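So the chains spell out like this:
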Amino acid sequence: MALTQEQINTIKATVPVLEQYGGIITTTFYKNMLSENPELKNVFNSANQITGHQPRALAQSVYAYAANIDNLGALSAAVENICNKHASLYIRPEQYNIVGTYLLAAMKQVLGDALTPEIHDAWAAAYWQLANIMIDREAQLYKEGGDWTDWKKFKIAKKVAESAEITSLYLEPVENVDGKALPPFKPGQYISVMLDVPNLNHQQARQYSLSDSPNSNYYRISVKKESGVNPTNPEMKAHPGYVSNILHDIKKEGDVILVSHPRGDFFLSEQSVEKSHPIVLISAGVGLTPLMSILNTVACKKSSAAGAAKCPFASHAQNSGTAAPTGQCPFSGKSANASTTPHSSSSPRKIHFIHGTRSTEAQAFRKHLLALQTKTSSSTDNESNSQGDSDKENEAKPRSNLDVHVTFFNKTPAAGDVKGKDYHHVGRIDLDKLDRDTELYLNDPKTEYYVCGPEGFMTETRKKLVQYGVDVDRVKLELFGTGGVPAA
Ligand SMILES: NC(=O)C1=CN([C@@H]2O[C@H](COP(=O)(O)OP(=O)(O)OC[C@H]3O[C@@H](n4cnc5c(N)ncnc54)[C@H](OP(=O)(O)O)[C@@H]3O)[C@@H](O)[C@H]2O)C=CC1
């Protein structure tokens, strides 16, 4: 039911209180709810409880809700982000009862008599207004997921080290009994992975971006091993990294884990895959994972349009070792031989992959990225290249209607790294160091920018692009770690 004007006024009047006490309220809320409902510890991220990230993110969301209570449209992107995350955790409508009860009780506990019955009732109505919007959206997402309605068992078919700290896991469904292909996903989306965490005596779920283009046989995630925790040492409780360390150190090829349906509101749309405007993919650290999926998907699509017999770019064709799908452009599900895009005769589509890392050894997918750049560079179209790639990589060289350009920022290049090849700029990513027209494609009013990495990096990058004159709608940030509400 819609709020009355009086309730809206009451909620708005509490904005300054939330600014001051929001963090204490949400910390109290999580503490009480999780101690009295321990089964919910499987759902909430324990590391984020310890670091305080989760209460902070919720406080930020509650504050944003109150501030926009008379302009809910301003929250739709954040709501979509959170609903996708909820759906990837199989949150159910009945869990909204528990959350609502404990949230209002925490307000009472922290604010005492200042929470008058009138304010309490206004907040109860506001809570259920939002909860119902979210329950409806999540029901829709579950429906779109078809018969995949709960966690599914997947086997770790293969583990591949991509850098000193990032390892890819190729996940194949165990229960694919009816021979159905894996449902496709949109490049940029993530799955949740659920594991037992022996230290905590409960399960934990984490979201990981899918890092390869969609295909019918497996999902690939590429996981950074978060430092500072030893999953076999029960003393090491107060540090993030429970799940990533188990995936790196304990889970082996052949082991089975639980996986959710792909979700997420950060993706390259099918229309954008088909179009020809430039794309700039900007990542820091392990934030490159969803952008690898976007890159490989566009590369696959373009190679299929150019008539390559099979997709030569994505890992399912190059190095997975898992059952490789044959001759399929997986995003479209059409034969790779079919010339499907309207752009095959136009100039190559430009993609610039800009990536920043702390060091050379932290750089994942470097060989793949450089090979893709060489193979697609417009000047080397179907000619032998001069960068000395392996025979296997040259074998796969398609006719190129794609022009991939790669720029590495590296804070500490290794001895022997060659500037211009192994790295291009020393330091953190700095867009001012790039040419506005030939590297950022600011001269094309349709260029899209996809940004993923630490939150400060994403918001600073967006700010900079907007300063350059880019319309904010063309800058997409992956905000799943922030509940969709980034710091300003
Ligand atoms: N799908 C997704 O949404 C994913 C999101 N992420 C996000 O990526 C982040 C972590 O990635 P991780 O590899 O651990 O990152 P790191 O802490 O290793 O940082 C990676 C690089 O980013 C640089 N960096 C950090 N902050 C900024 C900034 N404000 N401006 C420019 N450069 C910056 C770092 O520089 P320096 O060393 O100087 O700090 C470093 O070179 C997490 O916040 C995670 O939420 C990661 C994976 C997937």
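As a reminder, the structure under discussion sits directly above these lines.
Here the structure is a predicted model, which means the values were calculated and not measured.

**Focus on empty space enclosed by the protein**
Okay, so step 1: Enumeration according to the criterion identifies 1 cavity of 30 Å³ or more in this entry.
Okay, so step 2: The wall of the largest cavity is formed by Leu 18, Gly 22, Ile 25, Thr 26, Ala 59, Val 62, Tyr 63, Leu 103 and Met 107.
Okay, so step 3: Of all elements in the fold, only helix H2 (15-36), helix H4 (53-67) and helix H6 (93-111) reach the threshold of two or more residues within the lining of the largest cavity.
Okay, so step 4: Grouping the amino acids of the lining of the largest cavity by side-chain chemistry returns 7 nonpolar, 2 polar and no charged.

**Quick look at helix H7 (residues 117-144)**
Okay, so step 1: Here H7 contains 28 residues, and its C-alpha end-to-end distance of 40 Å stays within 8% of the 40 Å for a straight helix at 1.5 Å per residue.
Okay, so step 2: After H7 finishes, the residue Gly 146 shows a positive phi value of roughly 65 degrees.

**Side note on the sheet that holds strand S2 (residues 166-173)**
Okay, so step 1: Pairing is antiparallel in the open sheet, where 6 strands are placed in the order S4-S3-S6-S1-S2-S5. Edge positions in the sheet fall to strand S4 (202-209) and strand S5 (219-224), since each of these pairs with one other strand and no more. Averaged over all pairs of adjacent strands, the angle between strand axes in this sheet comes to 40 degrees, irrespective of strand direction.
Okay, so step 2: Judged from the 7 bridges that link them, strand S1 (residues 152-161) and S2 form a sheet pairing that is antiparallel. The partner of Lys 158 across the bridge, within S2, is Tyr 170.

**A look at the sheet that holds strand S12 (residues 425-426)**
Okay, so step 1: Pairing is parallel across the open sheet formed by 6 strands, whose spatial order is S12-S11-S10-S7-S13-S14. Edge strands, defined here as strands with exactly one partner in the open sheet, are S12 and strand S14 (475-477).
Okay, so step 2: The sheet contact formed by strand S13 (residues 448-452) and S14 spans 3 bridges and is parallel. Within S14, the residue paired with Val 451 across the bridge is Leu 477.
Okay, so step 3: Packing of helix H12 (residues 366-376) onto the sheet brings it into contact with strand S10 (349-359) and strand S11 (402-412), and relative to S11 it is tilted by some 145 degrees.
Okay, so step 4: Its contacts with the sheet put helix H14 (residues 455-467) on strand S7 (279-284), S13 and S14, and the angle it makes with S13 is roughly 160 degrees.

**Remarks on the packing of aromatic side chains**
Okay, so step 1: Evaluated as defined, the whole model comprises 12 aromatic pairs.
Okay, so step 2: Look at Tyr 127 and Trp 128: their rings are 5.3 Å apart centre to centre, the planes differ by 85 degrees, and that puts the pair in the edge-to-face class.
Okay, so step 3: Judged by its relative accessible area of 12%, Tyr 127 falls in the buried class.
Okay, so step 4: Residue classification places Trp 128 among the partly exposed residues on the basis of a relative accessible area of 29%.
Okay, so step 5: Aromatic pair Phe 154 and Tyr 219: ring centres 5.8 Å apart, planes at 15 degrees, arrangement stacked. Of the two residues, Phe 154 sits in strand S1 while Tyr 219 sits in strand S5, which places them 65 residues apart along the sequence.
Okay, so step 6: Here Tyr 219 falls in the buried class, since its relative accessible area comes to 0%.
Okay, so step 7: Here a set of aromatic residues connected by ring pairs shows up, and it is made of Trp 148, Phe 154, Phe 185 and Tyr 219.
Okay, so step 8: Looking at Lys 152, its charged tip hangs above the ring of Trp 148, at a distance of 5.6 Å from the centre.

**Notes on the site of the ligand**
Okay, so step 1: The environment of the ligand is formed by 20 residues, the closest being Ser 209, Lys 224, Val 286, Lys 411 and Glu 478.
Okay, so step 2: Here an oxygen atom of the ligand sits 3.0 Å away from a polar atom, N or O, in the side chain of Arg 358.
Okay, so step 3: Within the backbone of Phe 457, a nitrogen or oxygen atom sits 3.2 Å from a nitrogen atom of the ligand.
Okay, so step 4: Contact with the protein chains hides 76% of the accessible area of the ligand, taken as 910 Å² for the molecule alone.
Okay, so step 5: For the shell around the ligand, the secondary structure elements donating two or more residues are helix H10 (289-305), S10 and H14.
Okay, so step 6: No other element matches H14, which puts 3 residues into the shell around the ligand.
Okay, so step 7: Here the shell around the ligand is composed, by residue class, of 7 nonpolar, 7 polar and 6 charged.

**Concerning the pattern of salt bridges**
Okay, so step 1: Under the counting rule described, the total for this entry stands at 10 salt bridges.
Okay, so step 2: Across the salt bridge formed by Glu 172 and Lys 155, the nearest N and O atoms sit 4.0 Å from each other. On the criterion of sequence distance, the pair formed by Glu 172 in strand S2 and Lys 155 in strand S1 is long-range, its members being 17 residues apart.
Okay, so step 3: For Glu 172, a relative accessible area of 17% puts it in the buried group.
Okay, so step 4: Residue class for Lys 155 comes out partly exposed when judged on its relative accessible area of 34%.
Okay, so step 5: Linked through salt bridges whose partners overlap, the residues forming this network are Glu 80, Arg 137 and Glu 144.

**So, the nonpolar core**
Okay, so step 1: In terms of nonpolar packing, the biggest core is built from 73 residues, with Trp 123, Leu 171 and Ile 221 touching the most fellow members.
Okay, so step 2: For this core, the element with the most residues is H7, which contributes 12 residues.
Okay, so step 3: No fewer than three residues from each of domain 1 (5-144) and domain 2 (152-259) sit in this core.
Okay, so step 4: Excluding residues that lie within four positions of it along the chain, Ile 221 makes contacts with Thr 167, Ser 168, Leu 169, Leu 171, Ile 191, Val 193, Tyr 208, Ser 209, Leu 210 and Ser 211.
Okay, so step 5: The next biggest cluster of nonpolar side chains, apart from the first, holds 27 residues, and it includes Phe 266, Leu 281, Ala 364 and Phe 408.

Cut-offs and rules
- Residues numbered from 1 in each chain as written.
- Predicted model: local features only at pLDDT ≥ 70, side-chain atom pairs only at ≥ 80, totals over all residues.
- Heavy atoms only, no water.
- 1 Å grid on protein atoms, 1.4 Å probe; cavity = no way out; pocket = protein on both sides within 12 Å on 5 of 7 lines; lining within 4 Å.
- Points joined across faces, edges and corners; volume = space filled by probe spheres on them.
- Helix = DSSP H or I, 4+ residues; strand = E, 2+ residues; numbered from the N terminus.
- Nonpolar A, V, L, I, M, F, W, Y, C, P; charged D, E, K, R; others polar.
- Expected span 1.5 Å × (residues − 1).
- Pairing = 2+ DSSP bridges.
- Axes fitted to C-alpha atoms, helices over the stretch in contact; angles between N-to-C directions.
- Contact = heavy atoms within 4.5 Å.
- Phe/Tyr/Trp six-rings, centres within 6.5 Å; stacked < 30°, edge-to-face > 60°.
- Buried < 20%, exposed > 50% of the residue type's maximum accessible area, 1.4 Å probe, protein only.
- Lys NZ or Arg CZ within 6 Å of the ring centre and 35° of its normal.
- Near = heavy atom within 4 Å.
- Polar contact = N/O pair within 3.5 Å; in protein donor to acceptor, adjacent residues only side chain to side chain.
- Areas by Shrake-Rupley, 256 points an atom, 1.4 Å probe, with all protein chains shown as cover.
- Salt bridge = Lys/Arg side-chain N within 4 Å of Asp/Glu carboxyl O.
- Core = buried A, V, L, I, M, F, W, Y, C linked by side-chain atoms within 4.5 Å.
- Domains from an automatic or database assignment.

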